[in-house]
Amino acid sequence: MSNLLPLPDFTSTLQRMDDLSRNHLLYFRLEVGRILLEDLFEGEAEAYLSRDHNKSTRFAEFLRQNGATLQELGLGEQVLRACLTAHIAVASLPAEVVRQLVFSQVVELARVDDNATRLVLARATIDNRWSSKQLRDAALAAAHNRWIDAKPEVPGLQPPEAVEESPKKAPALGHVVSRFERAAEQLDDLSEQWAQVSGKTLTSGQRARMEEALGKLKGKIEALEGVLKG
């Protein structure tokens, strides 16, 4: 006679959390994206999606001024960008479809450029109960003009399994050190160029971009120094 107790069933707990994510997290983050688009980009999706380096820098300035508060809200830069792209993506989807998705699935759909394909994938995700990873695999298949059903003989749609890439061979240690040395030399050149223009007045956008770039450099350097110190 076994004394082992049956494993607890957490299905109900997980379902309640899933419902909470669908009903509240998705709505919250889509609304965050809508607010950002309206207030920082005049409601124009093209203004945010543009790759023009001269586009509005209000987003960078917003992050610079409110970074700490946003972090407390769980809204770092990457999450905010995901909110923006998700809000833009769902604009082409029926509301009843959006309500059945979770935020991570909407983020994957935002990577799909074609509205018709996005709708097909959204409905397939709901009908076949795809995870976000399965949706990503199907989206990649569609992007390469491959049919998203990997097993036509099986009822429903089975997304192709992603091909696992072989891990890249680690570079030689000496090569990496040499690259850091060259990067330091390039930084010297940039410092000299900065000295030549330091008398000029920065626009608010240029200042925000410089502070953002220097902040990233500082963070990377501090992390590397921490590794060296062990």
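So, here is what we can say about the structure in this document. (Residues numbered from 1 in each chain as written. Predicted model: local features only at pLDDT ≥ 70, side-chain atom pairs only at ≥ 80, totals over all residues. Heavy atoms only, no water.)

Observations regarding the overall build of the protein chain
Alright, step 1. Looking only at helices and strands, one finds ten helices and zero strands in the protein chain.
Alright, step 2. Listing each helix as α and each strand as β along the protein chain from the N terminus yields α-α-α-α-α-α-α-α-α-α.
Alright, step 3. Within the protein chain, contacts between residues at least 6 apart in sequence are counted, and of these 55% link residues at least 24 apart.
Alright, step 4. Carbon and sulfur atoms make up 55% of the accessible area of the protein chain, which totals about 17300 Å². (Helix = DSSP H or I, 4+ residues; strand = E, 2+ residues; numbered from the N terminus. Contact = heavy atoms within 4.5 Å. Areas by Shrake-Rupley, 256 points an atom, 1.4 Å probe, with all protein chains shown as cover.)

Description of the pattern of salt bridges
Alright, step 1. A complete count under the given rule lists seven salt bridges for this structure.
Alright, step 2. Here Arg-34 ties to Glu-38 by a salt bridge, and the two come within 3.1 Å at their closest N and O atoms. Here the residue Arg-34 and the residue Glu-38 both occupy positions in helix α1 (residues 11–41), the gap between them amounting to four residues, near one helical turn.
Alright, step 3. The exposure class assigned to Glu-38 is partly exposed, which follows from its relative accessible area of 43%.
Alright, step 4. The salt bridge involving Asp-137 is made with Lys-133; its shortest N-O contact spans 3.2 Å. Of this pair, Asp-137 and Lys-133 both sit in helix α8 (residues 132–143), four residues apart, which is roughly one turn of the helix.
Alright, step 5. You can call Asp-137 buried: its relative accessible area is 9%.
Alright, step 6. Take Lys-133: its relative accessible area is 47%, and that puts it in the partly exposed class.
Alright, step 7. Salt bridges sharing common partners tie together Glu-31, Arg-34 and Glu-38. (Salt bridge = Lys/Arg side-chain N within 4 Å of Asp/Glu carboxyl O. Buried < 20%, exposed > 50% of the residue type's maximum accessible area, 1.4 Å probe, protein only.)

Quick word on the side chain of Ser-132
Alright, step 1. With respect to the helices, strands and loops of the structure, Ser-132 is situated in helix α8.
Alright, step 2. Take Ser-132: its relative accessible area is 16%, and that puts it in the buried class.
Alright, step 3. Side chain to side chain, Ser-132 and Ser-104 meet in a polar contact 2.6 Å long.
Alright, step 4. Once residues lying within four places of it in the same chain are set aside, the contact partners of Ser-132 are Ser-104, Gln-105 and Glu-108. (Polar contact = N/O pair within 3.5 Å; in protein donor to acceptor, adjacent residues only side chain to side chain.)

Side note on α8
Alright, step 1. Taking 1.5 Å of rise per residue, the twelve residues of α8 would be expected to cover 16 Å, and the 16 Å separating its terminal C-alpha atoms lies within 8% of that figure.
Alright, step 2. Among the residues making up α8, those that are buried are Ser-132, Leu-135, Asp-137, Ala-138, Ala-139 and Ala-141.
Alright, step 3. Packing partners of the buried residues in α8 comprise α6 (103–109) and α7 (115–128).
Alright, step 4. Following α8 by one or two positions, Asn-145 adopts a phi angle in the positive range, close to 60 degrees. (Expected span 1.5 Å × (residues − 1).)

Some details on the packing of helix α3 (residues 58–72) against helix α4 (residues 77–90)
Alright, step 1. Packing of α3 against α4 leaves a shortest axis separation of 11 Å and a crossing angle of 120 degrees. The angle between α3 and α4 places the two elements in the oblique class. Between α3 and α4 lies a crossing whose hand is right-handed. For the pair α3 and α4, contact is made by Phe-59, Phe-62, Leu-63 and Leu-70 and by Glu-77, Leu-80, Arg-81 and Leu-84, respectively. (Axes fitted to C-alpha atoms, helices over the stretch in contact; angles between N-to-C directions. Parallel < 35°, antiparallel > 145°, perpendicular 65-115°, else oblique. Left-handed = near helix turned anticlockwise from the far one by under 90°.)

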